[in-house]
Amino acid sequence: MDPRQRLFGGLLQSRTAALVAGGAAAALLGLGLGYRYLRRAERAEPVGVVSQLLVHPLKSGRGVSVSEAECLQLGLKSGELRDRHFLLVTEDGHMVTGRQQPRLVLVSLTCDGGLGRLTGPDMEELRFPLDRPQNPVLDCRVFSSDVQGRDCGDDVSRWFTSFLAAEKTFRLVQFEAHMKCRRPLEAEPQFPEYQVAYPDFCPVMLLSAASVDDLSSRLEQEVTAERFRPNIVVGGCRAFDEVRPRELQIGGVRLQRVMACGRCIFTTVDPETGVINRKEPLETLKSYRLCHPSEKHLYKSSPLFGQLHKVKQEGALRVGDVVYKISR
C-alpha cells in the first residue's frame, strides 16, 4: 500500500473512533439528563395513610377486613380471597345484588384451604370445594355484559335460596383465570383500558375516612365506610381530597384514577341489618355531591362518593402504608 494511503486510512480510523466515542458520550449524557428530567418531572407528595383494606369476595356480600393484600390487575387478593370473584345469579344467568336482595349484604363468604365457607344469620355454616372442574360453566350477565362463571354446586344454590327466602332459585358462580374479563367502559374512549371480573366498573375503589365523617355529620344516623364497599380507606386527609389525584402510589402499587363512583339505591341498605330504606344516605349525598353538568352523560343524577381506579403497577398493600399523590 502507498504510504500516503496508509496515512489517510489511519487518520480516517482515528476520526471514526473519535466520532463513535463522542457519540457514545453524548448518548450517555442525554440519558443522564433525561433521567434527571424525568425524576424532576414526577413528584410524590404524601396525602394520607391506608387505614383499612377490604376484600369483598362475593359481589354485594360482606367485606373482609385484612391487614395486607396483593393489588393485582383484577383487584385485591388476600390469601385465597379475591375481590368480587363470586357472583350470585338467577337461573337464567342474570346477576343478583343487594339492590334486588338487600339481605345479601349479611352473607359472609371466605376462602381457606381450598374450601369456600358461607355464613349468614340463622343459617348453618356451609363449606364447599373451590375447585370443581366437573361443574358446568354458566353464561351470565353483569349489567349489559356477557360473562362466565363456574357453578359452585346444588348445595350452595340451596343455601342461598333458603337464606333469601325468595320464590326463585339462585346459583353461585366463581370467576376463573381462563375466563373472559369485562371491559365496562370500552364504549367511552376517554377512559384508559382495563379489565374486571364482577365489579360494577373498576378493580379498585378508594374512599377517605374524612369523606365518610363529613357525610355522617349531615345525617341523623352515622354511617361507616363499609356501607360504600371500598377496597382502600385512606385516613389522615381532608374530606374529598381523594377526588383530586390522577395517580397514587401506595407501597409498590401505582393506581390511576378512572372516574368517580356514582352512587345508587344500594347505599340505602344497612350493612348491619340488611334492611333497605330507599332514602338515606342517598338523598343527602344528592344534596351536595352531584357531578358537574358537563359530566351528566356519565353520572346522570347519581351523587359521587369515592374514586374508581385501575392498577398501573401491581404490588403489595398494607394498612399503615403512606399514600402519595403523583404529579408531573
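Residues numbered from 1 in each chain as written. Predicted model: local features only at pLDDT ≥ 70, side-chain atom pairs only at ≥ 80, totals over all residues. Heavy atoms only, no water.

**Q** Which residues make up the packing of aromatic side chains, and what are the values?
**A** Within this structure, the stated rule accounts for 7 aromatic pairs. Centroid distance Phe175 to Tyr198: 5.8 Å. Interplanar angle 85 degrees. Geometry classified as edge-to-face. Taken together, the residues Phe175 in the loop between β13 (170-174) and β14 (204-208) and Tyr198 in the loop between β13 and β14 connect sequence positions 23 residues apart. The residues Phe175 and Tyr198 share a single accessibility class, namely buried. Between the aromatic rings of Phe240 and Tyr288, the centroid separation amounts to 6.2 Å while the plane-to-plane angle is 75 degrees, which identifies the pairing as edge-to-face. Separated by 48 residues along the polypeptide, Phe240 in the loop between β15 (232-235) and β16 (247-250) and Tyr288 in helix α4 (residues 282-288) bring together distant segments of the chain. Its relative accessible area of 13% is what places Phe240 among the buried residues. By the ring-pair criterion, three or more aromatic residues cluster together here, those being Phe228, Phe240, Tyr288 and Phe305. Note that Arg103 overlies the ring of Phe163, its terminal NZ or CZ placed 4.2 Å from the centroid. (Phe/Tyr/Trp six-rings, centres within 6.5 Å; stacked < 30°, edge-to-face > 60°. Helix = DSSP H or I, 4+ residues; strand = E, 2+ residues; numbered from the N terminus. Buried < 20%, exposed > 50% of the residue type's maximum accessible area, 1.4 Å probe, protein only. Lys NZ or Arg CZ within 6 Å of the ring centre and 35° of its normal.)

**Q** Can you tell me about the side chain of Ser60, naming the residues and giving the values?
**A** Mapped onto the elements of the fold, Ser60 is located in the loop between β1 (43-55) and β2 (64-66). Accessibility expressed as a relative area gives 3% for Ser60, which makes it buried. Only 2.9 Å separates the side chain of Ser60 from the backbone nitrogen of Gly98, close enough to count as a polar contact. With sequence-adjacent residues up to four places away left out, Ser60 is seen in contact with Thr97, Gly98, Leu104, Val105, Arg229 and Phe266. (Polar contact = N/O pair within 3.5 Å; in protein donor to acceptor, adjacent residues only side chain to side chain. Contact = heavy atoms within 4.5 Å.)

**Q** Which residues make up the nonpolar core, and what values go with them?
**A** With 45 residues, the main nonpolar core has Phe86, Leu118, Phe160, Leu172, Ile232 and Leu255 as its most contacted residues. Ranked by residues supplied to this core, first place goes to helix α2 (residues 154-164) with 5 residues. Residues Phe191, Tyr194, Ala260 and Cys291 belong to the second largest nonpolar core, which totals 24 residues. (Core = buried A, V, L, I, M, F, W, Y, C linked by side-chain atoms within 4.5 Å.)

**Q** Now, about the pattern of salt bridges: what can you tell me, with residues and values included?
**A** For the structure on display, the rule yields 20 salt bridges. Its salt-bridge partner being Lys59, residue Asp200 comes within 2.5 Å of it at the nearest N-O pair. In this pair, Asp200 is assigned in the loop between β13 and β14 and Lys59 in the loop between β1 and β2, connecting sequence segments 141 residues apart. Judged by its relative accessible area of 22%, Asp200 is partly exposed. (Salt bridge = Lys/Arg side-chain N within 4 Å of Asp/Glu carboxyl O.)

**Q** Tell me what's going on with the sheet that holds strand β5 (residues 81-82), and back it up with residues and numbers.
**A** Across the sheet, which stays open at both edges, the 4 strands sit in the order β5-β4-β3-β19 with antiparallel pairing between neighbours. Both outer strands of the open sheet, β5 and β19 (315-318), are each paired with one neighbouring strand and no more. (Pairing = 2+ DSSP bridges.)

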